[in-house]
Amino acid sequence: SSSSLPMPKLQASAAPAPDTGASDAQPPAVKRKSHPTSSSESVSGPSKTTLCITEFFRTTPMDLYLALMDSRRVSGYTMKKADISDQVGGAFSIKNGYITGTNVELVPGKRIVQKWRMAKYEPDDLYTDVVISIAENEGQTEMNLIQSGI
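Each chain has its residues counted from 1, following the order in which its sequence is written. Local features in this predicted model are restricted to residues whose pLDDT is 70 or higher, and side-chain atom pairs enter the listing and the counts only when it is 80 or higher, whereas totals over whole chains, interfaces and linings include all residues. No hydrogens and no water enter the side-chain calculation; it runs on all heavy atoms of the structure.

As for the overall build of the chain
Elements are defined by DSSP. Helices are runs of H or I of four residues or more, strands are runs of E of two residues or more, and each kind is numbered from the N terminus. What the chain contains, in helices and strands, is two helices and nine strands. Sequence-ordered secondary structure for the chain, helices as α and strands as β, is β-β-β-α-α-β-β-β-β-β-β. Buried residues are those whose accessible area, probed at 1.4 Å on protein chains only, stays under 20% of the maximum for their type, while exposed residues exceed 50% and partly exposed ones sit between those limits. When burial is assessed residue by residue, the chain has 33% of its 150 residues classed as buried. Residue pairs in contact within the chain that sit at least 24 positions apart in sequence constitute 40% of those at least 6 positions apart. Every residue pair with non-hydrogen atoms within 4.5 Å of one another is taken to be in contact.

As structure tokens, this is what we get:
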């Protein structure tokens, strides 16, 4: 991981805020679209859920990517230990090992695909698929997260 990089200033917003010159202005609320949907496995087994979340941030796509992939930054905002590889096939562990997994695809500033496992999952080999897409959208950075197999 690249722990020597500076921390980005991230602010979630629903729309670009006008420049008022006020340094203590609060950012607008986060624009959130959360759409849990259900799907069934094709083989006999339990029903699975897919979680879809869209968030907008006033930062660059690369700064958002680094905020999600840099161990020091993730440790800072979760206040829990994080160890995140910046390599495809590399392992990660966040929230003191509560969430672990591997990186499947990494496109800096654009896309993160990972296999996630939460400590409470049964059976022990159960992983979910997480796809995070990051793109600039009308002066903001849009993040779409899809977690399937929950």
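Re the pairing of strand β8 (residues 128-137)
Here strand β7 (residues 111-118) pairs with β8 via six bridges, running antiparallel. Paired with Ile112 across the bridge in β8 is Ile132. For two strands to be treated as a pair, DSSP must find at least two bridges joining them. The pairing of β8 with strand β9 (residues 140-148) spans nine bridges and is classified as antiparallel. Of the residues in β9, the one forming a bridge with Asp129 is Ser148. From the end of β8 to the start of β9, which pair antiparallel, there are two residues, and Glu138 there has a positive phi angle of about 55°.

Looking at helix α2 (residues 71-78)
Within α2, the full set of buried residues consists of Ser71, Arg73 and Val74. Projection of α2 onto a plane perpendicular to its axis shows the buried side chains occupying an angular sector of 165°, all on one side. Elements that come into contact with the buried residues of α2 comprise α1 (61-69), β4 (83-84) and β5 (91-94). Note that the arc is computed from the directions linking the helix axis to the C-beta atoms.

Notes on unusual backbone geometry
Here the phi dihedral of Lys95 falls at roughly 55°; this positive angle occurs in a residue that is not glycine. Within the secondary structure, Lys95 is located in the loop between β5 and β6 (99-107). Residue Lys95 is classed as partly exposed on the basis of its relative accessible area, which comes to 39%. Of note, Asn96 is a non-glycine position whose phi angle comes to about 60°, a positive value. When you line up the elements, Asn96 lands in the loop between β5 and β6.

Interpretation note: all reported values are geometric properties and have no functional meaning in isolation.
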